[in-house]
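One-letter residues, chain by chain:
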Amino acid sequence: MRLPSQFLLLTTFLCSCTSAHPTPNNDDAPAYRNDLLTLHRDLINIPSISGSEGDAALFLQKYLRKHHFTVQLQKIPSSSSSSSKRYNVLAWPPSSSSSNHTPRLLITSHIDVVPPYIPYSINTTSSLSKDTLISGRGSVDAKASVAAQLTALSQLPPSDQIMLLFVVGEETSGVGMKHFSSLQKYQFESAIFGEPTENKLACGHKGITNGIISSRGKAGHSGYPHLGKSATEVLIRALSKIIDTDLGTSERYGNTTVNIGVLQGGVASNVIPKEASARLAIRVAAGNQTTGAKAVQEKIFQILQDVDEEALSAEFTQGYGPVKTECDVEGFEKMVASYGTDVPNLEGDHKSYLYGPGSILVAHGDDEALKLGDLEEAVEGYKRLIEHALRPSKGEEHHRGDL
Ligand SMILES: *[C@@H]1O[C@H](CO)[C@@H](O)[C@H](O)[C@H]1NC(C)=O
Ligand SMILES: *[C@@H]1O[C@H](CO)[C@@H](O)[C@H](O)[C@H]1NC(C)=O
Ligand SMILES: *[C@@H]1O[C@H](CO)[C@@H](O)[C@H](O)[C@H]1NC(C)=O
């Protein structure tokens, strides 16, 4: 697999010396195809693993300025001594009344990606078509959304009712959106979040809470188990009960699920383990955004108490319950997501839309990729969503400008 893909890359590189893309369009290509492909490629080519998004932010700043947007970089305060600079990118489309910014609609996505960096590659075995596969880290999550959002805007008349926000840190703590949210002075009516939804409009997504369960025992010789206390044994009993317990279900979001992502414990096979721990990611399907995570945490505390109150303890991140998003827009297929997003990190009383190209099922894998046709469909989808979100609200038809 290695060798052929390197050959493909080489081909792409050589051909890109003369034009952005090596082969002519031969199907019903939209006029923006080459611009879209170039933007998508340039974004993927810049490594931007969470924590090192600086170059991607500077690239976007330059790109947006070139397209006459007003741009502002918002520096993320750093708690570590790391010298790497991190910025959210804020932008306002070129418009006639640029001094009067009261944006009604926020269009947002994230510029960070998960590790490792995987270079851009496009399958140019045959000429470009809607089936052409484009791969590389971020090709789906979420540089496809960023490229499609910007291309959609380029196809619509400029509007001073729109603001753009490309944040850092979505894949880890949500620090970029949380920082923006803590400083923002806008009262948006709507926000469109770009994340891979296979071009379906999400009706919401599950919540999440992460936790560590710790177990404390007493070390001893494994031949005399009654003289010690096995921390791993207690932990296993607790985990077994957790995965067999109904932690909450709902019709819309399905079951709350538990991933035991990391297990640690003990020092040697012939020593009774004194310590053990498990790290969990729990996807919350019941309750609402405010209460959902807390309810699951309480159920787990109850299980720990029932199994062995003395040996077991747990710590959880604050987390949140299921997040509702707007999906009542004509012409979109609907879906419900099981992954977390920045939607709950933007505070305020606005409608949230969650939509974007590509599948979450490949988004964090080595095989992250999408089809050119899906990227182009997303441009059309974003155009319709933007138009929908900017429709005059009821009773205000005569006071709002149109898009
Ligand atoms: C590239 O495209 C060709 C023609 O469509 C196809 O036969 C081939 O399997 C593709 N290769 C990869 C790596 O996707
Ligand atoms: C939810 O859990 C129930 C009970 O364990 C199970 O029967 C059902 O198949 C699960 N639903 C889904 C969608 O996984
Ligand atoms: C969440 O549920 C709780 C308890 O049912 C309720 O008191 C609260 O108002 C709900 N919050 C929202 C935002 O719906």
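That block above? That's the structure.
As the structure is a computational prediction, the values presented were derived from the model and not from experiment.

> Provide a residue-level description of the pairing of strand E19 (residues 351-355), including the pertinent values.
For E19, the buried fraction is high: four of the five residues fall into the buried class. Here strand E7 (residues 190-194) runs beside E19; their pairing, made up of five bridges, is parallel. Residue pairing for E19: alanine 191 is matched across the bridge by serine 352.

> Can you lay out the nonpolar core for me, pointing to particular residues and giving the numbers?
General note: in soluble globular proteins, nonpolar side chains tend to be found buried as a group. Judged by nonpolar contacts, the single largest core of 56 residues is most densely connected at Leu164 and Ile386. Element by element, the count of residues in this core is highest for helix H9 (residues 372-389), at eight residues. When neighbours within four sequence positions are excluded, leucine 164 is seen to be in contact with Leu64, Phe69, Val89, Leu90, Ala91, Leu106, Ile107, Leu150 and Leu153.

> With reference to specific residues and values, describe the state of the cysteines.
Summed over all chains, the structure comprises one disulfide. Paired by a disulfide, cysteine 203 and cysteine 327 hold their sulfur atoms 2.1 Å apart. Negative torsions about the S-S bond denote left-handed disulfides, and the value of about 100 degrees found for cysteine 203 with cysteine 327 makes this one right-handed. You can see cysteine 203 sitting in strand E8 (residues 201-205) and its partner cysteine 327 sitting in the loop between strand E17 (323-324) and strand E18 (334-337), a full 124 residues away along the chain. The same class applies to cysteine 203 as to cysteine 327, namely buried.

> Describe in detail the side chain of serine 159, supporting the description with residues and values.
Note on placement: serine 159 falls in the loop between helix H4 (143-154) and strand E6 (162-167). Look at serine 159 and you get buried, because its relative accessible area is 6%. Only 3.0 Å separates the side chain of serine 159 from the backbone nitrogen of glutamine 161, close enough to count as a polar contact.

> Pulling in residues and values, what's your account of the packing of aromatic side chains?
Tallied over the full model, the rule gives five aromatic pairs. Here the aromatic rings of phenylalanine 332 and tyrosine 355 are separated by 5.4 Å at their centres, their planes lie at 80 degrees, and the arrangement is edge-to-face. A residue pair is termed long-range when its members are at least 10 positions apart, and phenylalanine 332 in the loop between E17 and E18 and tyrosine 355 in strand E19 qualify at 23 residues. Considering the side-chain rings of tyrosine 355 and tyrosine 382, the 5.0 Å spacing of their centres and the 85 degrees angle between planes classify their relative orientation as edge-to-face. Of the two residues, tyrosine 355 sits in strand E19 while tyrosine 382 sits in helix H9, which places them 27 residues apart along the sequence. Of the two residues, tyrosine 355 and tyrosine 382, both sit in the buried class. Ring-pair connections join several aromatic residues into one group, and the members of that group are Phe332, Tyr355 and Tyr382. Stacked on the ring of phenylalanine 332, the Lys or Arg arginine 384 has its end atom at 4.3 Å from the ring centre.

> I'd like a rundown of the sheet that holds strand E16 (residues 312-316), residues and numbers included.
Pairing in this open sheet of four strands is antiparallel, and the strands run E13-E15-E9-E16 from one edge to the other. Lying at the two open borders of the sheet, with one neighbouring strand each, are strand E13 (257-265) and E16. Shown here is a sheet whose adjacent strand axes are inclined to one another by a mean of 20 degrees, direction ignored. As defined by bridge partners, E13 adjoins strand E15 (residues 275-284) across eight bridges and the pair is classed as antiparallel. Looking across to E15, one finds that isoleucine 260 is bridged to leucine 280. On top of the sheet, helix H6 (residues 231-244) reaches strand E9 (207-216), E13, E15 and E16; it is set at about 15 degrees to E15, its chief contact.

> Go over unusual backbone geometry, please, and point to the residues and values.
Residue proline 116 is reached from proline 115 by a cis peptide bond, and omega for that bond is -5 degrees. Along the chain, proline 116 falls in the loop between strand E3 (105-110) and strand E4 (121-122). Looking along the chain, the bond that leaves aspartate 141 and enters alanine 142 is cis, with omega of -5 degrees. Along the chain, alanine 142 falls in the loop between strand E5 (133-135) and H4.

> Break down the site of ligand 3 for me, citing the residues and quoting the values.
Neighbouring ligand 3 are the residues Asn288, Thr290 and Thr291. Interatomic distance of 2.4 Å between a side-chain N/O atom of asparagine 288 and an oxygen atom of ligand 3. Surface burial for ligand 3 is 25%, taken as the share of its 360 Å² of free accessible area covered by protein chains.

> Break down H9 for me, citing the residues and quoting the values.
Across its 18 residues, H9 extends 26 Å between first and last C-alpha, which sits within 8% of the 26 Å expected from 1.5 Å per residue. Taking burial as the measure, the 18 residues of H9 include 13 buried ones, the bulk of the element.

> I'd love a proper account of H6, names of residues and values included.
Each α-helix turn comprises 3.6 residues. Residues three or four places apart therefore point the same way. Relative to the 20 Å expected for 14 residues at 1.5 Å per residue, H6 spans 20 Å between its end C-alpha atoms, a close match to the ideal helical length. Within H6, burial applies to Ala231, Val234, Leu235, Ala238, Leu239 and Ile242. Viewed along the axis of H6, the buried residues span an arc of 130 degrees, placing them on a single side of the element. Set apart from the buried face of H6 by more than 90 degrees, the exposed residues are Ile236, Arg237 and Asp244. Contacts made by the buried residues of H6 are with E9, E13, E15, helix H7 (292-308) and E16.

> Kindly report on the packing of helix H2 (residues 33-45) against H4, identifying the contributing residues and their values.
The interhelical angle for the contact between H2 and H4, taken along N-to-C directions, is 145 degrees, at an axis separation of 9 Å. Seen from above, H2 lies across H4 with right-handed handedness. Residues Leu36, Leu39, His40, Leu43 and Ile44 of H2 form the contact with H4, whose own contacting residues are Lys143, Ala144, Val146, Ala147, Ala148, Leu150 and Thr151. Of the residues that constitute the contact of H2 with H4, the class distribution is nine nonpolar, two polar and one charged.

> Tell me what's going on with a nonpolar patch on the surface, and back it up with residues and numbers.
A cluster of nonpolar side chains, Ile243, Ile260 and Leu263, forms an exposed patch at the surface whose accessible area comes to about 270 Å². Mapped onto the fold, isoleucine 243 is located in helix H6.

Each value, and the rule that gives it
- Residues numbered from 1 in each chain as written.
- Chains lettered and ligands numbered in written order.
- Predicted model: local features only at pLDDT ≥ 70, side-chain atom pairs only at ≥ 80, totals over all residues.
- Heavy atoms only, no water.
- Buried < 20%, exposed > 50% of the residue type's maximum accessible area, 1.4 Å probe, protein only.
- Helix = DSSP H or I, 4+ residues; strand = E, 2+ residues; numbered from the N terminus.
- Pairing = 2+ DSSP bridges.
- Core = buried A, V, L, I, M, F, W, Y, C linked by side-chain atoms within 4.5 Å.
- Contact = heavy atoms within 4.5 Å.
- Disulfide = S-S within 2.5 Å.
- Polar contact = N/O pair within 3.5 Å; in protein donor to acceptor, adjacent residues only side chain to side chain.
- Phe/Tyr/Trp six-rings, centres within 6.5 Å; stacked < 30°, edge-to-face > 60°.
- Lys NZ or Arg CZ within 6 Å of the ring centre and 35° of its normal.
- Axes fitted to C-alpha atoms, helices over the stretch in contact; angles between N-to-C directions.
- Near = heavy atom within 4 Å.
- Areas by Shrake-Rupley, 256 points an atom, 1.4 Å probe, with all protein chains shown as cover.
- Expected span 1.5 Å × (residues − 1).
- Arc of directions from axis to C-beta.
- Left-handed = near helix turned anticlockwise from the far one by under 90°.
- Nonpolar A, V, L, I, M, F, W, Y, C, P; charged D, E, K, R; others polar.
- Patch = residues over 30% accessible without salt bridge, like charges linked within 9 Å, V, L, I, M, F, W, Y side chains within 5 Å.
- Salt bridge = Lys/Arg side-chain N within 4 Å of Asp/Glu carboxyl O.

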